Amino acid sequence: MDSNTLYYSLDLVSGSGHALNGEQRAALQTSLVLLKKNYKFNRVMFWGKILGIKEDYFIAQGKGHDELKDKQFLYSFNCMEWHLLPPADNAMVGEVSRAAKGRFMGDPSHEYTDYPLKREGDEATEAVELIKVTEERRLAVTVHLIDEEVSVVPRGAFNRTHLGLMNTNRCFEGLSHAEAGKLDNFLHFAKPKKTKKKLIQEQADLNPSIDFLDPLSDDVPKGQWSLQLENASSVCVLRSLLWMGLTFYHVPMTPQHGYVYFGYGCKNLDLPFML
Amino acid sequence: MDNQKQEAAAAFKAFMLKTSTKSNLNLYDHLARLLTKVMDERPPNAVDVIEDLSFRVKRELLPDFQSTLRDLSLSTAAQLLAEQQGLLFSRVDERGEQDEELIESPLPNVNEISFFLEQAGVALGGREEMQRIFLALKQLVDSQPLQRCRLWGKVMGTESNYIVAEAEYREGDEEEEQSPEEAPENEERDADVDDEKEGAEEGNALLPQSTYKPPPAAPKEANGTGVNKYVYYVCTEPGLPWVKLPPVTPAQINAARHIRKFFTGRLDAPICSYPPFPGHEANYLRAQIARISAGTQVSPQGFYQFREEEEEEEPDAPRNSYEQNPDFEAAPIPKMAESMSNWVHHVQHILKQGRCTWVNLAAKPEEELDEDGEAEEKEEEPDEPDPEVGPPLLTPLSEDKEIRDTPPWSAKMSSTLNPQYAVAVLRSNLWPGAHAYACGKRFENIYAGWGLKCAGGFYMPSLPPAPQSEYPSGPEITEALDPSLEEEQTLKATLELQQAAQEELESLQGDEDEDEDEDD
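Keep in mind that this is a model prediction, so the values were computed, not measured.

## Comments concerning the pairing of strand β11 (residues 225-230) of chain A
Residues and elements named next belong to chain A.
Here is step 1 of the chain: Pairing of β11 with strand β12 (residues 235-240) involves six bridges; the strand directions are antiparallel. Directly across from Ser 226, in β12, lies its bridge partner Arg 239.
Here is step 2 of the chain: Linkage of β11 to β12, two consecutive antiparallel strands, is achieved through a turn of four residues, within which Asn 231 is found at a positive phi near 55°.

Right, here's the structure in full:
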């Protein structure tokens, strides 16, 4: 959620069970402004909190001119001192997926090792390198994956210029109550994967300047998003069941929207059993 | 590029062909008709009069439609909810002046709890939502004769969430539970047994009778004891009526241990799972609430103490009653946040059987099964199963088992900048969402989560049991290899030898008899 909406938007997502106390909110408001100035971000957002066993990580995200490509993540323990997280690429994602298991410890220098399976008759077992991954890299990869897979924006909130740059749509007035009840009015805030080809009839409704992202209704398995109206039906809240803890809020008929992640940083791979 | 243009053109044509919701026309046809009219009539200065032409084309199509009826504005879901929630704010003026000596209100101090929860980083909703929840609790207390009522927490579901309140009835005021579920079940069971007997008597000898007897089910604990010590009420939104959850049976607790399902938010939703869950979502919710309470309801050490009874009736029976300790001295907050031995469980542990007190199911069917398991009166047979024992009440948290290298609890201070006014917060790693906070003499447990356990590792669904053997195996039906030719020949040879030997014996005996006869 945007740093300048922190003071009211945290209340709207607190239905998910987590909140920040007054001290943390005040610290965030101050330090996010400082971050924006120091790193010259276009927009700085409070991304969420990953709960570890000993300590919790507060994560912030800074965006440059291109909303999809220019983004950087930072983490902190006390909401005041922020450290930059390395950008995650496919190689890092592969390493972390193999080595890191279990909960986050809360110590960025904690090392996870992957012990490769020994096959019988393998003589060169000693020469195999053990893959070691620090918790900082695991954090970078987890945050990157969550943002890629389950970040949400309402349809119409961002538009794409003819040059291909994505920016906020200043004419966005919010979804209506009826539109906010349908899952296909919410889009993934990540590079579109274009898995499903749309029929000509469906394309009639689409506007290429705002419909260039994947809608949530195309996600498989179906049912992994929980769409509810909360707070006396004034806020539309979307919760992801794949990465439990991601909450998206939108107040219908206003341009207020945002998402935040309060969770353990574990993907819910048991999802098909649970639906 | 051409392809894109063609696609864009096709898309735009499709857009023009869409019919309007109000007038059942579409733009494509309207433009076609308009241009046809212009072609036919060829008006002068066509571009200036085109709007009038367009209007006339539309009017010619539409039938004259005038109605003096106005649409009824249907109340939206939000308006209905607001009406319900408006009732929360009405004050009961009947009582007028209240005696101050009246029973202390069973409601907790709501604003205080809300403040501490915010410090601890737990929320069930925004500030207004918390106020509504507490007013709904007050409504519950006013409508039911409760001795004690507490906000237990919030369980999230896919379609809507549950707000759960834990309550204890005043002694003597509890309604006698008409167990409508049990009575018809008993009747059905009797009817089935009768049918079976009749069927057997009619000579159902064609089909083999099954000798399978399901193991006896453990009886559920009485209201007010063990797992059913408290009564739970749920509602989906504060302001809507509270629904009482039924008491939980051991079978439901055991089934809940094996499945992993999200709640949907509808209490009558069926649970489709393997092993099949005996009940609906209301029972599943109640079972999870029982498990969460047993695992994560904690209090500072010394807050509760065991009641000192004058006669020690059964030294073996687990002590399951406690009372508040009037001499409680709160440990300093940093100590509470550091060491787990300053916190104790104050809810009984659930045994593997699904109950808090063990019941001996292997008892002889002649004797009645008592819930307390009066094992001392029965003769101890070597075949009796060992009684299951759980950790006793008021065990400190430092004795909790670790989940695969992770400690079961995480403790923190709520603020590092002002430690003297901070609150000690405990978070459970076994049941994500279970929190406890303590600040001086005040403490509280709260749950805000999905109602699922996190046992480290992934969920392994139970496999179906191995198929039962259809018949007992014996030598008559066991397959054996047919004897080979050589074996048959050797067998024949030995048989012939034996026969020859026997004939010789008989002939010898015959001679002896003849000799004996001759002697006589």
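## Let's talk about the side chain of Glu67(A)
Residue and element names in this part refer to chain A.
Here is step 1 of the chain: Relative to the elements of secondary structure, Glu 67 occurs in the loop between β2 (56-63) and β3 (71-76).
Here is step 2 of the chain: In terms of polar contacts, Glu 67 uses its side chain to reach the side chain of Arg 43, at 3.0 Å.
Here is step 3 of the chain: Excluding anything up to four places from it in sequence, Glu 67 contacts Arg 43, Phe 158, Met 166, Asn 167 and Phe 189.

## Details of the confidence of the model for chain B
Residues and elements named next belong to chain B.
Here is step 1 of the chain: Taken as a whole, chain B shows an average pLDDT of 77; of its residues, 78% reach a score of 70 or greater.
Here is step 2 of the chain: Averaged pLDDT values over the elements of chain B bottom out at 44 in helix α7 (residues 182-201) and peak at 93 in helix α9 (residues 281-296).
Here is step 3 of the chain: Across residues 176-201, where pLDDT falls below 50, the model places five contacts with residues more than four positions away in sequence or in other chains.
Here is step 4 of the chain: Taken as a whole, residues 364-382 scores under 50 in pLDDT and shows 15 contacts with residues more than four places along the chain or in a different chain.
Here is step 5 of the chain: Among the scores for the predicted complex, ipTM is 0.89 and pTM is 0.77.

## Description of the sheet that holds β2(A)
Residue and element names in this part refer to chain A.
Here is step 1 of the chain: Spatially, the eight strands line up as an open sheet ordered β4-β3-β2-β1-β14-β13-β12-β11, and their pairing is mixed. Edge positions in the sheet fall to β4 (83-84) and β11, since each of these pairs with one other strand and no more.
Here is step 2 of the chain: When β2 meets β3, the two strands line up antiparallel, connected through six bridges. By the bridge assignment, Phe 58 is partnered in β3 with Ser 76.
Here is step 3 of the chain: Against the sheet, helix α2 (residues 22-39) touches β1 (43-51), β2, β3 and β4, its axis set at about 130° to β1.

## A closer look at the interface of chain A and chain B
Here is step 1 of the chain: With 40 residues of chain A at the interface, the matching set in chain B holds 49 residues.
Here is step 2 of the chain: In total, about 3700 Å² of surface goes out of reach between chain A and chain B, with carbon and sulfur atoms giving 50% of it.
Here is step 3 of the chain: For the pair chain A and chain B, the number of links is three salt bridges.
Here is step 4 of the chain: The closest approach of N and O atoms between Lys412(B) and Asp56(A), which form a salt bridge, is 3.4 Å.
Here is step 5 of the chain: Between chain A and chain B we count 21 residue pairs in polar contact (both at pLDDT 80 or more) in total.
Here is step 6 of the chain: When residues in the side of chain A that touches chain B are grouped by element, the largest group, five residues, is from β11(A).
Here is step 7 of the chain: Of the residues contributing to the side of chain A that touches chain B, the split by class is 17 nonpolar, 14 polar and nine charged.

## Section: the packing of helix α1 (residues 6-13) of chain A against α2(A)
Residue and element names in this part refer to chain A.
Here is step 1 of the chain: Closest axis-to-axis distance for the α1/α2 pair is 11 Å, and the angle between their directions is 130°. In terms of orientation, α1 and α2 fall into the oblique class. Read as a crossing pair, α1 and α2 show a hand that is right-handed. Mapping the contact onto sequence places Leu 6, Tyr 7, Leu 10 and Asp 11 in α1 and Arg 25, Leu 28, Gln 29 and Leu 32 in α2.

## Overview of the environment of Lys267(A)
Residue and element names in this part refer to chain A.
Here is step 1 of the chain: With respect to the secondary-structure elements, Lys 267 resides in the loop between β14 (257-263) and α7 (271-274).
Here is step 2 of the chain: We classify Lys 267 as partly exposed; its relative accessible area is 32%.
Here is step 3 of the chain: With near-sequence residues (within four places) excluded, Lys 267 lies in contact with Glu 149, Leu 242 and Trp 243.

## Let's talk about the nonpolar core
As a rule of thumb, nonpolar side chains are buried together in soluble globular proteins.
Here is step 1 of the chain: Residues Ile59(A), Leu139(A) and Trp242(B) are the most contacted members of the largest nonpolar core, which totals 127 residues.
Here is step 2 of the chain: When residues in this core are grouped by element, the largest group, eight residues, is from α9(B).
Here is step 3 of the chain: Filtering out sequence-adjacent residues up to four positions away, Trp242(B) remains in contact with Ala136(B), Leu137(B), Leu140(B), Ile163(B), Ala165(B), Tyr233(B), Val234(B) and Cys235(B).
Here is step 4 of the chain: Grouped together as the second largest cluster of nonpolar side chains are 24 residues, Leu10(A), Leu28(A), Cys79(A) and Tyr249(A) included.

## Details of the pattern of salt bridges
Pairs may arise between side chains of opposite charge once their charged atoms sit close together.
Here is step 1 of the chain: Within this structure, the stated rule accounts for 23 salt bridges over all chains.
Here is step 2 of the chain: Note that Glu230(A) is salt-bridged to Arg239(A), the shortest N-O span being 2.8 Å.
Here is step 3 of the chain: For Glu230(A), a relative accessible area of 10% translates into the label buried.
Here is step 4 of the chain: A relative accessible area of 2% places Arg239(A) in the buried class.
Here is step 5 of the chain: Within the structure, one salt-bridge network assembled from shared partners comprises Arg148(B), Arg150(B), Glu166(B), Glu168(B) and Glu444(B).

Rules behind the numbers
- Residues numbered from 1 in each chain as written.
- Chains lettered and ligands numbered in written order.
- Predicted model: local features only at pLDDT ≥ 70, side-chain atom pairs only at ≥ 80, totals over all residues.
- Heavy atoms only, no water.
- Pairing = 2+ DSSP bridges.
- Helix = DSSP H or I, 4+ residues; strand = E, 2+ residues; numbered from the N terminus.
- Polar contact = N/O pair within 3.5 Å; in protein donor to acceptor, adjacent residues only side chain to side chain.
- Contact = heavy atoms within 4.5 Å.
- pLDDT = per-residue confidence, 0-100.
- Axes fitted to C-alpha atoms, helices over the stretch in contact; angles between N-to-C directions.
- Buried area = accessible area lost by both parts, 1.4 Å probe.
- Salt bridge = Lys/Arg side-chain N within 4 Å of Asp/Glu carboxyl O.
- Nonpolar A, V, L, I, M, F, W, Y, C, P; charged D, E, K, R; others polar.
- Parallel < 35°, antiparallel > 145°, perpendicular 65-115°, else oblique.
- Left-handed = near helix turned anticlockwise from the far one by under 90°.
- Buried < 20%, exposed > 50% of the residue type's maximum accessible area, 1.4 Å probe, protein only.
- Core = buried A, V, L, I, M, F, W, Y, C linked by side-chain atoms within 4.5 Å.

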